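Residue-level structure breakdown
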Amino acid sequence: MTTKKTMLSAVQPTSRLTIGNYIGAVKNWATMQADYDCLFFAVDLHAISDKRGAPELRDQTYRTVATYLACGLDAEKSTLFVQSHVPEHAELAWVLTCHATMGEVSRMTQYKDKSAKHGDSIPMGLFAYPVLMAADILLYDVDLVPVGADQKQHVELTRDLAIRMNNHYTPGWDGKDPTKVKPALFRIPEPWIPKLGGKIMSLQDPTKKMSKSDADLKATLFLDDTDKDIEKKVKSAVTDSGSEITDADDKPGIRNLLTLQSVLTGKPIPEIVAAYAGKMYGHLKVDTAAICVDAIRPIRDETARLMADRGYLDQVLKRGAENARKRAAMKIAHVYDKMGFIPKT
Ligand code: TYM
């Protein structure tokens, strides 16, 4: 039995991963994985909520896992798997759906943004999406969920659902130490958001989050972009009026480039700003492009190598799913028991 705390997180395999996914999420998982009992997975069931029938789903799912490994996730230390290989995610999602309210789910910012383009035909899966995410987390008694800033609201919803179900099915549960005295149905997870880089902005509109699904490919740095693409995109990044390089609220474009540099080099922003005294935006862009090329190149090359070795990826996923399924099956049986379902014989 491990005494480490449990950490879990995931990426939607809807497209190639971006430098935002890396900085906001996967890079931090790799750093923290030694200190936690970790589960990382590709949420293929989530991926169909907004893009049904995508022919590239299989390829993107493999690519997501290959990118995890290329970013430093270690299949020997962490459990790596694919969501649809563990059916309990969908089972627990239904249970949580019956305890979530339309009101609280419709307040989710991401739902409001993503549903806007669907007019009157919003897929139900898009609405139910955060409840499936809550199931992903609550299924494994997770302590920590390292995510970018945009996912914080979903983790808060997860906490609300867990507390509600604990109050209903395990009244008197001990919120401070749910594993002792009065066991709770679910452990209450904490979100973990990086202090810097929790929201990397679009290169074409620095007031908007960088997104995998941005129609403007110049807005996003993908982790498999060529060196040339990276250089072109960073050099044509939209910057702000004025010419002085400062970290200020009215310079979101410059701040975004400074953030990329700081997170990728480990240098604090004030130190970077000081080094640009008297220099032009162009200098900042050239250096940021070079730093991004250096960060992305090894990830791109290793992802390509792993993508050519499906046998290895399948082996990692098989092992991960076996481990995750064992844990998930025990948890769902416990939840069903507390709720009054007749045990399977
Ligand atoms: P997804 O696939 O949109 O993003 C994966 C992770 O990357 C972070 N992220 C960013 N961080 C900084 N700057 C950005 N521009 C940026 N864009 C994305 C996200 O915050 C996220 O951490 N619902 C989730 C996937 C999910 C999940 C889970 C996560 C499903 N189940 C359980 C944690 C735990 C999502 O769509 O992430």
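In this text the structure is predicted, and so the values were computed from the model without any measurement.

Moving on, we come to the overall build of the protein. A count of helices and strands for the protein gives 13 helices and five strands. Relative to the compact-globule value of 20 Å for 345 residues, the protein shows a C-alpha radius of gyration of 21 Å, a close match. If one aligns the C-alpha atoms of the protein with their principal axes, the spans along those axes are about 70 × 45 × 45 Å. Here the protein, with 345 residues, has 51% of them falling under the buried criterion. When contacts within the protein are restricted to residue pairs at least 6 apart in sequence, those whose partners lie at least 24 apart make up 75%.

It is worth spelling out the environment of Tyr68 at this point. If you trace the backbone, Tyr68 turns up in helix α3 (residues 57-70). Here the alpha-carbon distance between Tyr68 and Ala42, two residues 26 residues apart in the chain, equals 9.3 Å. Excluding its chain neighbours within four sequence positions, the residues that come into contact with Tyr68 are Ala10, Val11, Val26, Trp29, Phe40, Phe41, Ala42 and Leu73.

A word on empty space enclosed by the protein. Throughout the structure, instances matching the rule amount to two cavities of 30 Å³ or more. Approximately 40 Å³ is the volume attributed to the second largest cavity. Around the second largest cavity, the lining residues are Arg16, Leu17, Arg63, Thr67, Leu223, Asp224 and Thr303. Residue classes in the lining of the second largest cavity are distributed as two nonpolar, two polar and three charged. The two domains that each donate at least three residues to the lining of the second largest cavity are domain 1 (6-197 + 309-339) and domain 2 (217-305).

Here strand β3 (residues 79-82) shows no split at all, with Thr79 and Phe81 on one side and Leu80 and Val82 on the other all buried. Relative to β3, strand β2 (residues 37-42) runs parallel, the two sharing four bridges. Looking across to β3, one finds that Leu39 is bridged to Thr79.

Another point: the site of the ligand. Near the ligand lie 27 residues; those nearest to it are Tyr129, Asp136, Asp150, Ile200 and Lys212. Gln12 is positioned with one of its backbone polar atoms (N or O) 2.9 Å from an oxygen atom of the ligand. Between an oxygen atom of the ligand and a side-chain N or O atom of Lys212, the distance comes to 2.7 Å. For the ligand, the protein covers 98% of the area, taking 710 Å² as the surface of the free molecule.

Attention shifts here to the domain arrangement of the protein. Parsing the protein into structural domains produces domain 1 (6-197 + 309-339) and domain 2 (217-305). Domain 1 puts 16 residues into the contact, and the matching count from domain 2 is 18 residues. Counting the surface lost from both domain 1 and domain 2, the interface buries some 1500 Å², and carbon and sulfur atoms represent 72% of this. Interface area lost by domain 1 to domain 2 is led by Arg16, Ile19 and Leu196, which between them contribute 39%. Where domain 1 touches domain 2, the interface holds three salt bridges.

Calculation notes
- Residues numbered from 1 in each chain as written.
- Predicted model: local features only at pLDDT ≥ 70, side-chain atom pairs only at ≥ 80, totals over all residues.
- Heavy atoms only, no water.
- Helix = DSSP H or I, 4+ residues; strand = E, 2+ residues; numbered from the N terminus.
- Rg over C-alpha atoms; globule rule 2.2 N^0.38 Å.
- Buried < 20%, exposed > 50% of the residue type's maximum accessible area, 1.4 Å probe, protein only.
- Contact = heavy atoms within 4.5 Å.
- 1 Å grid on protein atoms, 1.4 Å probe; cavity = no way out; pocket = protein on both sides within 12 Å on 5 of 7 lines; lining within 4 Å.
- Points joined across faces, edges and corners; volume = space filled by probe spheres on them.
- Nonpolar A, V, L, I, M, F, W, Y, C, P; charged D, E, K, R; others polar.
- Domains from an automatic or database assignment.
- Pairing = 2+ DSSP bridges.
- Near = heavy atom within 4 Å.
- Polar contact = N/O pair within 3.5 Å; in protein donor to acceptor, adjacent residues only side chain to side chain.
- Areas by Shrake-Rupley, 256 points an atom, 1.4 Å probe, with all protein chains shown as cover.
- Buried area = accessible area lost by both parts, 1.4 Å probe.
- Salt bridge = Lys/Arg side-chain N within 4 Å of Asp/Glu carboxyl O.

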